Amino acid sequence: MPPKPKYTKEEIVNAAYEVTREKGIDAVVAREVGKRLNTSASPIFTVWKSMEELREEVRKLASQKYQEYMADIFDYTPAFKEFGMRWVSFAAEEPNLYRLLFLSPRDEYSPYLRFKLEFEGIFAPLVAEIVKTFSLSEQDAEDLLNQMIIFANGIAAFIITDTERFSKETVSYYLSQVCIGLVLADKLRDGTLDMATAKKMADS
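Every chain begins its residue count from 1, and numbering advances along the sequence as written. In view of the model being predicted, local features appear only for residues whose pLDDT reaches at least 70, and side-chain atom pairs are presented and counted only at 80 or more, with totals across whole chains, interfaces and linings using the full set of residues. Values reported for side chains reflect all heavy atoms of the structure, with hydrogen atoms and water molecules removed beforehand.

Chemist: Any chance you could break down unusual backbone geometry for me, citing the residues and the numbers?
Modeler: Of the consecutive residues T77 and P78, the connecting peptide bond is found in the cis state with omega at -5°. Mapped onto the fold, P78 is located in the loop between α3 (51-70) and α4 (79-93). The residue S135 is not glycine, and still its phi comes out positive at about 55°. Strands here mean DSSP runs of E at least two residues long; helices mean DSSP runs of H or I at least four residues long; both are numbered from the N terminus. Take S135: it is sitting in the loop between α7 (120-134) and α8 (138-160). One non-glycine residue, D162, lies in positive phi territory at about 55°. Checked against the element boundaries, D162 lands in the loop between α8 and α9 (168-189).

In structure tokens, the structure reads:
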């Protein structure tokens, strides 16, 4: 008979998750996780066939934590602005989880596509909110969200690499300016806004 597991799957995943938060997903090896559980590496393999399986469970848990972090953005107006702020603050507070979810060198998708594919429960209502708030088509709303994520991801990358530091107020200002600029550019392009009105909106 195989040995009875000394630790449950949940205990091992939680230990590996904490290792990831502190050191990154590449540090999730049997010895490191065993050390976190105050044991040797061997009990890990009484539960998991490989470390890759365990890392995938850690990724699922990180996704769950991210969804919880974003859960109440729709309590704010506009939710789109709060989403941008949370995107950056999550990276600042949980840099290794952010790397795992959105900056993995092994990921074939951009941060925007990864967000769209993995977090549909946030993505779809967020697009709907952008359509309503800015009177855009669904496609234009998705384009606006994509460009906002590109910008927010750039700020996040500066923060987690300690290249530059931003205050919350600075991030809020930048996101507002980018949002206004993108919306105005879109409406000017499709002819639903004249230049004089656009200038008044930009200056307000």
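Chemist: Lay out the pattern of salt bridges with the relevant residues and their values.
Modeler: The term salt bridge refers to a pairing of a side-chain nitrogen on Lys or Arg with a carboxyl oxygen on Asp or Glu at a separation within 4 Å. By the definition in use, this model includes 13 salt bridges. Taking the shortest distance from any N to any O, the salt bridge between K23 and E32 comes out at 2.8 Å. Ionic pairing is found between R165 and D162, a salt bridge with its closest N-O pair at 3.3 Å.

Chemist: How would you sum up a nonpolar patch on the surface? Please name residues and give values.
Modeler: Judged by side-chain polarity, Y109, L113 and L117 come together as a nonpolar surface patch covering roughly 260 Å² of accessible area. Position of Y109 among the secondary structure elements: in the loop between α5 (95-102) and α6 (111-118). Patch definition: residues with relative accessible area over 30% and no salt bridge; like charges joined within 9 Å; nonpolar side chains (Val, Leu, Ile, Met, Phe, Trp, Tyr) joined within 5 Å. Only the protein chains shown count as cover for residues, and all accessible areas are computed by the Shrake-Rupley method using a 1.4 Å probe.

Chemist: Please give an account of α9 that cites residues and values.
Modeler: Note on helix geometry: an α-helix contains 3.6 residues per turn, so any two residues three or four positions apart are oriented the same way. Taking 1.5 Å per residue, 22 residues should reach 32 Å; α9 reaches 32 Å between its end C-alpha atoms and fits that length. Burial status follows relative accessibility: with a 1.4 Å probe on protein chains alone, a residue under 20% of its type maximum counts as buried, one over 50% as exposed, and anything between as partly exposed. Among the residues making up α9, those that are buried are V171, L175, V178, C179, L182, V183, L184, D186 and K187. Residue G191 follows α9 closely and has a positive phi angle near 80°. For a helix, the expected span equals 1.5 Å multiplied by the number of residues minus one.

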